Amino acid sequence: MKDWMRVLNRLRPPERKKSAVGGLGAHAETAWLGLGAPRWTARNFRKLAEEGYRRNVIAHRCVRLLAENAATVPWRLYRGDGAVTDHPLLTLLARPNPAMAGAALFEAFYAYLAIAGDSYLELVPKADGSPGELYVLRPDRMTIVPGANGWPRAYRYEAGGRVHDFAVDPVTGESLILHAKSFNPMDDFHGLSPLEAAAYGIDIHNAAGAWNKALFDNAARPSGALVYEGREGAGTLSDGQFERLKAELADAYQGARNAGRPLLLEGGLKWQPMAFSPHDMDFVEGKHIAAREIAIAFGVPPLLLNIPGDNTYSNYQEASRALWRLTLLPMLEKAVNALNHWLVPRYGEEGLRLDIDREAITALQAERTAAWERLGNADFLTINEKRRLVGLDPLPGCDCLGTPK
């Protein structure tokens with residue numbers, strides 16, 4: 001007796017495609033018989049970077065949107081209330097090493113923070129001990145060596161078969177490595193990556209793309225079986241019928257050109273569904289929901305990614321301001337605080353502090369204009385008080401109300 005499962009086995013190509021996500025492609029035989037357990041991406045940097053940043057367009061765009069925009073904000077240096085325009089620290093941040101400009105270095109710094117939840121800067125001192133160069137180190141090559149007190153004793157970096165330990169001062173905690181990380185309630189040493197929080201959505205989104213690709217590549221494979229019900233319970237096709245049916249399926253229903261073509265049944269053949277169709281799974285909406293979950297994990301308004309659905313913001317300007325206020329500015333503040341704690345004291349100058357130039361953020365221009373108008377109408381503030389509130393240096397003779405004396 002020739003049942004239809006044997007027909008399917010003969011029609012199945014000898015080399016099967018493997019989905020990068022796992023699940024259906026990894027267990028094709030099980031998928032024919034029933035719904036197997038889902039397979040999720042492993043929670044480590046390499047797999048998350050591969051499945052998230054390299055293979056998923058939503059996660060990739062989120063990381064680039066955050067890293068590229070944050071890296072464009074200029075640095076500003078202050079000594080007390082006065083701005084400093086010429087200083088070795090500003091030179092270092094503008095050209096941190098011979099191979100990279102400052103924007104490129106900080107783009108990589110912010111991108112690693114978004115992908116891994118951890119980002120590392122290495123400081124290379126000059127001969128006199130002052131800061132000389134800065135380098136971004138890959139998080140997957142870095143290992144934190146814990147000390148007896150529970151704090152890091154060293155940062156161990158492995159690359160090219162070589163291992164180097166960056167010591168951590170047990171008293172002051174000073175090190176040539178700056179470790180920036182996001183909050184992780186389950187780990188004392190490493191941050192929690194947004195990619196890890198969005199991993200389920202990334203797997204679903206990638207699986208939806210793999211499904212679409214499979215429809216083009218393997219459209220001859222039905223999501224069910226043809227059952228032959230002959231007369232008086234006979235369930236056997238003759239050799240001629242069997243070969244004819246196999247040839248017609250291969251010629252008329254294989255490939256992208258014939259995808260979705262209706263199957264004409266005759267001679268006692270009955271179609272028996274064996275899998276959910278994309279329509280049954282609400283395919284398109286499920287993909288959009290997964291995309292929104294990914295964007296939410298990164299703090300990017302879905303409207304900026306052209307994801308359809310219920311958007312909180314009525315236009316791109318509002319969404320862009322929300323991105324800066326809720327996501328980018330907190331990330332930049334974290335970098336500013338880290339550099340003020342780790343790098344600025346190495347120059348040995350009192351009152352020196354680093355900040356970002358908020359005036360250069362065009363997305364917040366409308367808010368600044370409104371703030372200036374409110375300050376301009378505030379008659380109870382002196383001119384220098386108004387200038388300080390908008391980040392400008394005080395002017396001589398302007399500690400008064402109204403027109404300067």
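### A look at the confidence of the model for the protein chain
- With 70% of its residues at a pLDDT of 70 or more, the protein chain has an overall mean of 77.
- Counting interchain partners and residues more than four positions distant, the pLDDT-below-50 stretch residues 1-40 has 50 contacts.

### Details of the pattern of salt bridges
- All chains considered together, the criterion is met by twelve salt bridges.
- Salt-bridge contacts for Glu 50 lead to Arg 55; the nearest nitrogen and oxygen are separated by 3.0 Å.
- According to the relative accessible area criterion, Arg 55 is partly exposed, its value standing at 46%.
- A salt bridge links Asp 355 to Arg 358, with the shortest nitrogen-to-oxygen separation between them at 3.0 Å.
- Classification of Asp 355 as buried rests on a relative accessible area of 16%.
- The structure contains a network of salt bridges with shared partners spanning Lys 47, Glu 50, Glu 51, Arg 54 and Arg 55.

### Details of the sheet that holds strand S8 (residues 177-181)
- Taken in spatial order, the three strands line up as S4-S3-S8 in an open sheet, and their pairing is antiparallel. Looking at which strands have only one partner, the edges of the open sheet turn out to be strand S4 (131-137) and S8. The sheet shows a mean angle of 20 degrees between the axes of neighbouring strands, taken without regard to direction.
- Direction of pairing for strand S3 (residues 118-125) relative to S8: antiparallel, over a ladder of five bridges.

### Overview of the nonpolar core
- Ranked by internal contacts, the top residues of the largest apolar core, which has 66 residues, are Trp 75, Phe 106, Tyr 110, Phe 298, Leu 339 and Leu 343.
- Take this core: its biggest share by element is eleven residues, from helix H11 (residues 316-342).
- Grouped together as the second largest cluster of nonpolar side chains are ten residues, Leu 137, Met 142, Phe 166 and Ile 177 included.

### Focus on the sheet that holds strand S11 (residues 352-356)
- One open sheet accounts for three strands, arranged S2-S1-S11; its pairing is antiparallel. Since the sheet does not close on itself, it has two edges, and those belong to strand S2 (82-84) and S11, each with one partner. Strand-to-strand twist across the sheet, computed as the mean angle between neighbouring axes with direction ignored, equals 40 degrees.
- Packed on one face of the sheet, H11 meets strand S1 (75-79) and S11 and runs near 160 degrees to S11.

### Section: empty space enclosed by the protein
- Applying the stated criterion across every chain, the model contains one cavity of 30 Å³ or more.
- Approximately 30 Å³ is the volume found for the largest cavity.
- Lining the largest cavity we find Phe 109, Tyr 110, Leu 113, Ala 180, Met 331, Lys 334 and Ala 335.
- For the lining of the largest cavity, the secondary-structure elements that each account for two or more residues are helix H6 (102-116) and H11.
- Partitioning the lining of the largest cavity into residue classes produces six nonpolar, no polar and one charged.

### Some words on the pairing of S4
- Relative to S4, S3 runs antiparallel, the two sharing six bridges. In the strand pairing of S4, Val 124 is matched with Glu 133.
- Connecting S3 to the next strand, S4, in antiparallel fashion are five residues, including Gly 129 with a positive phi near 95 degrees.

Cut-offs used in this document
- Residues numbered from 1 in each chain as written.
- Predicted model: local features only at pLDDT ≥ 70, side-chain atom pairs only at ≥ 80, totals over all residues.
- Heavy atoms only, no water.
- pLDDT = per-residue confidence, 0-100.
- Contact = heavy atoms within 4.5 Å.
- Salt bridge = Lys/Arg side-chain N within 4 Å of Asp/Glu carboxyl O.
- Buried < 20%, exposed > 50% of the residue type's maximum accessible area, 1.4 Å probe, protein only.
- Pairing = 2+ DSSP bridges.
- Helix = DSSP H or I, 4+ residues; strand = E, 2+ residues; numbered from the N terminus.
- Axes fitted to C-alpha atoms, helices over the stretch in contact; angles between N-to-C directions.
- Core = buried A, V, L, I, M, F, W, Y, C linked by side-chain atoms within 4.5 Å.
- 1 Å grid on protein atoms, 1.4 Å probe; cavity = no way out; pocket = protein on both sides within 12 Å on 5 of 7 lines; lining within 4 Å.
- Points joined across faces, edges and corners; volume = space filled by probe spheres on them.
- Nonpolar A, V, L, I, M, F, W, Y, C, P; charged D, E, K, R; others polar.

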